Amino acid sequence: MGQKESSERFWENFHGPNMGYVEEQYDKYRQDPESVDASLKELFDTHGEPHLAQRQRGDAPDAGPSEFSIRKMKAAIQLVEAIRRYGHLEADIYPVGGEHEETAVLTEMEDFGLTETDLRNIPANYVWEDAPGNIHTALDAVQLLKERYAGTISFEYDHVANNTERKWLQEQIEAASYIPEWETADKKEILKRLTDVEGFESFLARTFVGQKRFSIEGLESMVPMLDAIIKEACLADTDHVMLGMAHRGRLSVLAHVLGKPFDLIFSEFNHTGEKELLPSEGSKGLHGGWTGDVKYHFGAVAEHHEGQEKHTTITLANNPSHLEFVNPVVEGFTRAAQDDTSNPGYPEQDPSKALSILIHGDAAFIGEGIVAETLNLGDLPGYTTAGSVHIIANNQVGFTTNRRDGRSTRYASDLAKGFEIPVVHVNADDPLACVAAASLAFRYRQRFHKDFLIDLVGYRRYGHNEMDEPRSTQPILYQDIDAHDTAAKIFSAKLEGEEVITGEEGYETLRTQVDERLKDIFQSMKEEDAKEKMPKPEPEALKCELPDIETNVPADTLFSLNRQLQKRPEGFQVFKKLIKILSKRHQTFEKEGKADWAVGEILAYASILQDGTPIRLTGQDSERGTFAHRHMVLHDVETDATYSPLHGLEDAKSFALHNSPLSEAGVIGFEYGYSVQKPDTFVLWEAQFGDFANTGQVLFDQFIAAGRAKWGEKSNMAMLLPHGYEGQGPEHSSGRVERFLQLAAENNLIIANVTSSAQLFHLLRRQAKLGGKEEARPLVIMTPKSLMRSARLASKLEEFTEGSFSSLRVQPNNEATPDTARTLVLGSGKVMVDLEEAMEKETGAFEELHIVRLEQLYPFPAQKIKQILTDHPSISEVRWVQEEPRNMGAWTFVRDRIEAILSEDQTLAYIGRPDRASPAVGKPAVHKTEQKQIINQALKLSKGGVSV
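As the structure is a prediction and not an experimental result, all values here were calculated from the model.

### Some remarks on the packing of helix α8 (residues 138–149) against helix α9 (residues 163–174)
Here comes step 1: With their axes 9 Å apart at the nearest point, α8 and α9 run at an angle of 105 degrees to one another. Between α8 and α9, the crossing angle belongs to the class labelled roughly perpendicular. Residues Leu145, Arg148 and Tyr149 of α8 pack against Gln170, Ile173 and Glu174 of α9.
Here comes step 2: Looking at the contact of α8 with α9, its residues break down into 3 nonpolar, 1 polar and 2 charged.

### Observations regarding the packing of α9 against helix α19 (residues 431–448)
Here comes step 1: For the pair α9 and α19, the least separation of the axes is 12 Å and the interaxial angle reads 150 degrees. The angle between α9 and α19 falls in the class roughly antiparallel. Pair α9 / α19 crosses with right-handed handedness. Side by side, α9 and α19 meet where Thr164, Glu165, Trp168, Leu169 and Gln172 of the first sit next to Leu440, Arg443, Tyr444, Arg447 and Phe448 of the second.

### Things to note about the sheet that holds strand β30 (residues 907–913)
Here comes step 1: Taken in spatial order, the 5 strands make up an open sheet running β25-β27-β26-β29-β30, and their pairing is mixed. Lying at the two open borders of the sheet, with one neighbouring strand each, are β25 (808–810) and β30. Sheet twist, expressed as the average angle between the axes of neighbouring strands with direction ignored, equals 25 degrees.
Here comes step 2: Both β25 and strand β27 (residues 849–854) contribute to a ladder of 3 bridges, which runs antiparallel. From the neighbouring strand, Val810 faces β27, where its bridge partner is Val852.
Here comes step 3: On the sheet, helix α35 (residues 891–899) packs against β26 (823–827), β27, β29 (877–885) and β30 and is oriented at approximately 170 degrees with respect to β30.

### Let's talk about the packing of aromatic side chains
Here comes step 1: Within the structure shown, the criterion is met by 32 aromatic pairs.
Here comes step 2: Put simply, the rings of Phe200, Phe203, Phe208, Phe262, Phe266, Phe269 and Phe522 pair up and form one aromatic cluster.
Here comes step 3: One residue, Arg616, lies across the ring of Tyr383, its end atom 5.2 Å from the ring centre.
Here comes step 4: Taking the ring centre of Phe893 as reference, the NZ or CZ of Arg897 above it sits at 3.8 Å.

### Examining the pattern of salt bridges
Here comes step 1: Taken as a whole and judged by the stated rule, the model has 48 salt bridges.
Here comes step 2: Across the pair Asp158 and Arg85 runs a salt bridge whose closest N-O atoms are separated by 3.6 Å. With a gap of 73 residues between them, Asp158 in the loop between β1 (153–156) and α9 and Arg85 in helix α5 (residues 70–86) connect regions that are remote in the sequence.
Here comes step 3: The exposure class of Asp158 is partly exposed, given its relative accessible area of 46%.
Here comes step 4: You can call Arg85 partly exposed: its relative accessible area is 39%.
Here comes step 5: Taking the shortest distance from any N to any O, the salt bridge between Glu836 and Arg792 comes out at 3.0 Å. Highlighted residues: Glu836 in helix α33 (residues 830–841) and Arg792 in the loop between β23 (779–783) and β24 (795–796), separated in sequence by 44 residues.
Here comes step 6: Overall, the relative accessible area of 6% leaves Glu836 in the buried class.
Here comes step 7: The exposure class assigned to Arg792 is partly exposed, which follows from its relative accessible area of 24%.

### Side note on the side chain of His360
Here comes step 1: Along the chain, His360 falls in strand β8 (residues 354–361).
Here comes step 2: Residue His360 is classed as buried on the basis of its relative accessible area of 2%.
Here comes step 3: Within the structure, His360 has its side chain in polar contact with the side chain of Glu324 (distance 2.6 Å).
Here comes step 4: The residues touching His360, leaving out its near neighbours within four places in the chain, are Glu324, Asn327, Phe365, His390, Ile391, Ile392 and Ala393.

### Topic: helix α3 (residues 38–47)
Here comes step 1: Every buried residue belonging to α3 is among Ser39, Leu40, Leu43, Phe44 and His47, and all of these are buried. Around the axis of α3, the buried residues are gathered within 135 degrees of arc, so they sit on the same side.
Here comes step 2: Of the residues one or two after α3, Gly48 is the one with positive phi, at around 75 degrees.

### Comments concerning the confidence of the model for the protein chain
Here comes step 1: Per-residue pLDDT for the protein chain averages 90, and the proportion of residues at 70 or more is 93%.
Here comes step 2: Below pLDDT 50 for its whole length, residues 52–67 participates in 24 contacts with residues either more than four positions away or in separate chains.
Here comes step 3: Confidence drops under a pLDDT of 50 for residues 942–948, and excluding neighbours within four residues, the segment shows 13 contacts in the predicted structure.

### Comments concerning the nonpolar core
Here comes step 1: Among the nonpolar cores identified, the biggest contains 110 residues, and Ile357 and Ile391 are the most heavily contacted of them.
Here comes step 2: Here the element with the most residues in this core is α19; it accounts for 12 residues.
Here comes step 3: Other than its neighbours up to four places away in sequence, Ile357 contacts Leu226, Ile229, Val241, Met242, Leu243, Gly244, Val389 and Ile391.
Here comes step 4: Of all hydrophobic cores here, the second largest spans 78 residues; its members include Val683, Leu721, Leu869 and Tyr910.

Calculation criteria
- The numbers attached to residues start from 1 for each chain and follow its sequence in the written order.
- With the structure being a predicted model, the display of local features is reserved for residues of pLDDT at least 70 and the display and counting of side-chain atom pairs for 80 or more, all residues being used for whole-chain, interface and lining totals.
- To obtain the side-chain values, all non-hydrogen atoms of the structure were included, while hydrogens and water were left out.
- Axis lines are fitted to C-alpha atoms, over the contacting stretch for helices. Their N-to-C directions set the angle, which ranges from 0 to 180 degrees.
- Only runs of H or I of at least four residues qualify as helices and only runs of E of at least two qualify as strands under DSSP, and these elements are numbered from the N terminus.
- Here the word oblique covers every angle except those under 35 degrees (roughly parallel), over 145 (roughly antiparallel) and from 65 to 115 (roughly perpendicular).
- Here, two residues are considered to be in contact whenever any of their heavy atoms come within 4.5 Å of each other.
- Ten residues, namely Ala, Val, Leu, Ile, Met, Phe, Trp, Tyr, Cys and Pro, are considered nonpolar, four, namely Asp, Glu, Lys and Arg, are considered charged, and the remaining ones, Gly among them, are considered polar.
- Crossing handedness follows the turn of the near helix against the far one: under a right angle anticlockwise gives a left-handed crossing, and clockwise gives a right-handed one.
- Only strands joined by at least two bridges in the DSSP assignment are considered to pair.
- We call Phe, Tyr and Trp rings a pair once their centres come within 6.5 Å, taking the six-membered ring for Trp, and we label the pair stacked below 30 degrees between planes, edge-to-face above 60, and tilted otherwise.
- In this analysis the charged atom, NZ for Lys or CZ for Arg, is taken to sit over a ring once it is within 6 Å of the ring centre and within 35 degrees of the ring normal.
- Think of a salt bridge as a Lys or Arg side-chain nitrogen and an Asp or Glu carboxyl oxygen that are within 4 Å of each other.
- Only protein chains enter the accessibility calculation, which uses a 1.4 Å probe; a residue whose area is less than 20% of its type maximum is buried, one above 50% is exposed, and one in between is partly exposed.
- A 3.5 Å cut-off defines polar contacts: any pair of N or O atoms within that distance qualifies, except that in protein one atom must be a possible hydrogen donor and the other a possible acceptor, and neighbouring residues in sequence count only when both atoms are side-chain atoms.
- In this description, the arc belongs to the directions extending from the helix axis to the C-beta atoms.
- Residue-level confidence of the predictor, termed pLDDT, takes values from 0 up to 100.
- Within this scheme, the nonpolar core is defined by two criteria: the residues are buried Ala, Val, Leu, Ile, Met, Phe, Trp, Tyr or Cys, and they are joined through side-chain atoms within 4.5 Å.

Take a look at the structure:
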């Protein structure tokens, strides 16, 4: 039947006054479609002009009585829409303890003034255009839609703005086409999976009494859900599935999804202080650094074949107790696996290469801001992974905190709605619904390349960590839980009732088999007397000095790169003022052989790319640079098209440069994950100001500084933190170098504060070459701000072609000799440039001051400083000068290290600001006075002010 004929038949049901009312409303609709009720608008959108059919038949406008009331039909349409929008409010998604709050919008016919008779008198296709053929009346439609929207699975997608996506979701839900065609074998396999998981957790509880394990019990259906997604990903030829999750259920996921050997897991539960469990011969750890971590923090890697020749690699990321902070790290893993960096330009992203699955806690998802930061990355060009599948492991309690104290929203998932992410709520006691939800999530992601969220609603059978007693804080809830059967037992009874299995194939038989298998594995393990354990030493590659890496570049290569960097696409119009700035920089290098900070940096990147190493650089304003020094992405003033000069290099790898969102923690985590997954790419993150790195402290503490020691994760990621005291106040002065120095040990980091473009050039090139090597470790650079434009930081050509990075640098205007030096002045960063300027303004000589810049704070160059003291035997005093307060900066770090190399007749003095609560003063005039005092005290000038 054609659309026109269908519409004519539809309007034949309206006569007399009812048709008059409809025509009146249609006139309003023609003027403004939004001025009429949404249900009428939908009728007019679908069926067109209401009196057209009557005019064609010659009917009078007031002919005959109405077959049904337009008001009843309008109410029926509203009821159907209410079921679609609000069916989740009445859905059976809580296995226990559900908090069914009252709502003003209900989904019962009585709420709309309807009776069953009214609904029987309305054809189904009037209220549901795509109703199945066996649905004849509106009553049939309402009953079926309630099953679809308000059963053990329910949906929220009205917040999704894209009409194509909404329509697709509606069709999937209402036709139930997302639900797999279950074979008997499928149901039996799911039952076995649930029983395996339950039996494993139960065995751990009985065998290792009181030990923390963060049991999955109450959410066992998570495992068959992950099975389903991984299977579909494998069949779709996905190379990588990246998993991130906190503690809840982690051991079961390791055992059943990643295949971590049971005996290895058992060996990590040392249940007595006298004996140590040993796994069977051949079992080995899957991850580990030299200090290690607790068992429920470790990740694993496995391969999945699904009967195919090609395999899919499954990676569960290591995760500390900071719960959701693994989210951006996993997204970085995923994007790295998707990016092809082999050609010039931006990397070519292939979403089919990798999929990320993030499993969240219900309290943490809504409570921790890192979740919102990560969700915001989802559709940004530099960070999108073309859709992640999110699963909230919703046990309805956050440690001991109830929902009413933990969030201001109805659902834990409500945060996702702000990002237009479809949400499914599903009852964890219905494993078929859970697996169907997983299938829908994967299909949506594959089709639309966007995030999808499943709110898996279950419970927590025991306390937060099995050592807690939850009945003291949730007594009513735990009465329900104590009386509630497990998901496996419920599902087994259901399958027996459907005659899918017999009693002999059911729950009790399967549980006995699991128990016997695990008991056999455990009994085959050996015990030996526990010996006193000491942490393993760090790897040999980290114990020694950084390797000698050649970083100089021939002059002809540098000049060639410099010329290539000045090229633009034909017709590309750059902002005229900017053309002058860029041309002057590059021409100065071409003609005078001098490179300022910006040219030194871009030449470093260009030479790294030409060496065959791709680069990824991101930050809040990194394309231009916070201080307008970089301009590595140019904008056409006529078309706003963009072009990066580094994309025009010959025989180079990809260069990705992105302005990041206003996020630190999320982006730092992403870049760290990218660097771990893709060690052949040099990854850099730049703070807008160094102080802003504060908000990423968890990532620095738990991942960047300690990831290698805890988990064996290698990264050579670089962090650029603008630092220097210039009177800009407490939040724009300090990159908090003291915090990174406090994290430095076992050669885990490189921390530098360089004062020349050539030093930056060599430092970046050295760091890029560490990628993938055993010596790799992250780099923290305190970069300058206003000094980026200072001629004092410019370097000559020979410093690039002949030099290398030096951890110590003698002050350019140093006048002391081995015979005249009486005082060694040490400092780092901008304050040393201030000293240089002050010395040039003074007429007096400084022969007694040997001034040296500490360009690399860690690893600390103790032997080189000791050599300086040996070469200058008359030095009796060492002065450490810094612009930061005494309790900040490098002083507390360098003090012991310098004192350790001094002789008994040599002294160490501190020159700088006193201890302060705030990093810097807020008034420029006060700052200048303080800075002058520091310089005068360091140089012992007669004009100097008071000692600080």
